[in-house]
Amino acid sequence: HIVTNAHVVSRADVIRIEFADGRTMMGKLVASDSFTDIAIVKIDPGVGLIPMRRATGDRVGVGERVFAFGSPFNFKFSMSEGIISGLGRNPETRGSGNTFTNYIQTDAAVNPGNSGGPLVDIHGKVVGMNVAIATGRNSSGDREGQSAGISFAIPLAVIESVVDQIIETGQVRRGLLGIRGGGNIAAEIPIKDRE
């Protein structure tokens, strides 16, 4: 199983995985969760892949060095360095359908093409997955899609919880808090994932 962002594969008719040694392989979408922007792609298990080590249970802190991997602007297999700038962040995610609000903020250079790539600590252990960048507006009012020194990653604890549920059941279950007011008004509010 390969973990990526749901927005990376959401409109794909064909999913092709490319490895650092030049090999390519077709992948199949297992399932995705738009709330957290996490998707799982399955490939042939006989390709001899080595999973990344995870920082499961380790707490990350502001000021810790991290490295962001990805293929920004199609510069394949790139790495950038930064520090964790904040925890529990809530960036604007207009139009993505993603309403998750507990991001790791970092100043590692992340650009279009880094989405779905790992964010790792100084020991090479995954602490999160690159998902979004803060963007400014240019002189014509359009959003600029390039690194502004503020990027966001989904924390590993959230990834592990979502991925485990998707692999086991094909879906993510969340508790709902039902509220009913006077008349026929009702609302359901999702209880957000906790670390």
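Everything here concerns the structure above.
All values derive from a computational prediction rather than experimental measurement.

Here we come to the pairing of strand β10 (residues 151-155). Burial runs high along β10: 5 of the 5 residues are buried. Direction of pairing for strand β7 (residues 103-106) relative to β10: antiparallel, over a ladder of 3 bridges. Bridging across to β10, Thr 106 finds its partner in Ser 151. Alignment of strand β9 (residues 126-133) against β10, held across 5 bridges, turns out to be antiparallel. Among the inter-strand pairings, Asn 130 is bridged to a residue of β10, identified as Ala 153.

The subject of this paragraph is the sheet that holds strand β2 (residues 15-18). Two strands in a sheet stick together by hydrogen bonds in their backbones, pointing the same way (parallel) or opposite ways (antiparallel). The strand order β1-β4-β3-β2 describes an open sheet built from 4 strands, whose pairing is antiparallel. Among the strands making up the open sheet, the edge pair consists of β1 (2-4) and β2. The sheet shows a mean angle of 45° between the axes of neighbouring strands, direction not considered. Two strands pair when backbone bridges link them, and strand β3 (residues 24-33) and strand β4 (residues 38-42) are joined in this way by 5 bridges, in the antiparallel orientation. Considered in β4, the bridge of Leu 29 is made with Val 41. Here helix α2 (residues 156-169) sits on the sheet in contact with β1, β3 and β4, set at roughly 50° to β4.

Attention now moves to the sheet that holds β7. Taking strand neighbours around the barrel as the criterion, the 6 strands line up as β5-β6-β7-β10-β9-β8 in a closed arrangement whose pairing is antiparallel. The average angle at which neighbouring strand axes cross in this sheet is 45°, direction not considered. Across the sheet, α2 lies against β9 and β10, angled at about 50° from β10, the strand it touches most.

Once that is clear, we can look at the packing of aromatic side chains. Here the structure, examined in full by the defined rule, presents 1 aromatic pair. With 6.1 Å between their ring centres and 55° between their planes, Tyr 103 and Phe 152 make a pair best called tilted. Placement of Tyr 103 in strand β7 and of Phe 152 in strand β10 is noted, with a sequence separation of 49 residues between them. With relative accessibility at 7%, the residue Phe 152 sits in the buried group. When the ring centre of Phe 19 is taken as reference, the NZ or CZ atom of Arg 23 above it lies at 4.7 Å.

Conventions and cut-offs
Residues numbered from 1 in each chain as written. Predicted model: local features only at pLDDT ≥ 70, side-chain atom pairs only at ≥ 80, totals over all residues. Heavy atoms only, no water. Buried < 20%, exposed > 50% of the residue type's maximum accessible area, 1.4 Å probe, protein only. Helix = DSSP H or I, 4+ residues; strand = E, 2+ residues; numbered from the N terminus. Pairing = 2+ DSSP bridges. Axes fitted to C-alpha atoms, helices over the stretch in contact; angles between N-to-C directions. Contact = heavy atoms within 4.5 Å. Phe/Tyr/Trp six-rings, centres within 6.5 Å; stacked < 30°, edge-to-face > 60°. Lys NZ or Arg CZ within 6 Å of the ring centre and 35° of its normal.

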